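A look at the structure
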Amino acid sequence: MSSETPSATSPLVGVLALQGAFEEHQHCLEAVGCRTVQVRTPAQLEGIDGIVFPGGESTAMGLIGSKDGMWDALKEFVAEGKPTWGTCAGMVLLADRCVGGSAVITNGQSLIGGMDVLVCRNYFGSQVSSFEMATPCPPGSQDTSDYPGVFIRAPAILNAGADLNVLGRVVATPSRAAAVVLDELEKKIAAGENVIMMGVVDALQRTGTNGQHIDYKKIIKPDESDSTNTDQEEKKESMTLEEQKRGIHLPGAADGTNAREVICAVRKANVLCTAFHPELTEDYRWHEYFFNMVRNSSKVMEEESSN
């Protein structure tokens, strides 16, 4: 796609550079006309018009960023309403609720929050399960063809608040580990728990003498085609007002496959999240979309300061 040279008056977008694909994001942002700067300390947040949380490893980012006041500074930045975009691991950081935690963090995934979503880490599988699939293009694109979504150990949004704008959905089967996490999560929801964070769930089953044979637990919804619709209606009717208020409802699993329709792109005001990696393609449409978010926000701030 064609690129533009940033001018001295172009919006300045910071890219969180604690870990991950921050240089790739810089390349894409600059290609659509943004000025960019790498952000590693709270002081470097001063003067930027927006920020991108890149794909990478959310566990590592959480461990690094929580030591020097960076997390508190980022929370304040997001709360101020400045344009913020989280991709893949960055989306996990912006979530208010997260399941599928890492074993290396004893107190759960360190989150910045700001987006009323429930995210499942590594929903699409491990590094070797990386793939590309067609996803919806961003709103307002002149080119309305499918966007090439690159998924690398990608999370999925299972549930989004009613005031969020869902920009994209895909149908995908959870990885074997994620399927076990979802099975445990469904049990907690059925028991009336309001799940904010869920730690490590053992996805392995051990058989044989002394458990020497190890394999993943298999979680596949049986084929219940004759009763599915009736069961879903009964479930809706029996849902309490408190359950509806909490809004924690998982996408249903397809009979025999466990595939679910999950959210891969969502926006609330000036906060944008995508489960995939736009920075790893030469298709700049999502970067153009965020660039317009930043530019429009900057215009509003200039108008408010001049009044």
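This one's a predicted model, so the numbers in the text were calculated from it and none came from an experiment. (Residues numbered from 1 in each chain as written. Predicted model: local features only at pLDDT ≥ 70, side-chain atom pairs only at ≥ 80, totals over all residues. Heavy atoms only, no water.)

Before going further, it helps to examine the pattern of salt bridges. The tally for this structure, following the rule as stated, stands at seven salt bridges. For Arg97, the salt bridge identified is with Asp116, shortest N-O distance 3.1 Å. Of this pair, Arg97 sits in strand β5 (residues 95-99) while Asp116 sits in strand β6 (residues 115-120); the two residues are 19 residues apart in sequence, bridging distant segments of the chain. Here Arg97 falls in the buried class, since its relative accessible area comes to 5%. Across the pair Arg260 and Glu186 runs a salt bridge, and its minimum N-O distance is 3.2 Å. Note that Arg260 is positioned in strand β14 (residues 260-268) and Glu186 in helix α5 (residues 176-190), a separation of 74 residues in sequence. The exposure class of Arg260 is buried, given its relative accessible area of 3%. Among the charged side chains, a salt-bridge network with shared partners connects Asp143, Asp283 and Arg285. (Salt bridge = Lys/Arg side-chain N within 4 Å of Asp/Glu carboxyl O. Helix = DSSP H or I, 4+ residues; strand = E, 2+ residues; numbered from the N terminus. Buried < 20%, exposed > 50% of the residue type's maximum accessible area, 1.4 Å probe, protein only.)

A word on the confidence of the model for the protein. Considering every residue of the protein, the mean pLDDT works out to 79; 71% of them sit at 70 or more. Confidence drops under pLDDT 50 across residues 200-206; counting only partners more than four residues distant or on other chains, this segment forms 25 contacts. Note on residues 226-248: pLDDT under 50 across the span, and 19 contacts to partners over four residues away in sequence or across chains. (pLDDT = per-residue confidence, 0-100. Contact = heavy atoms within 4.5 Å.)

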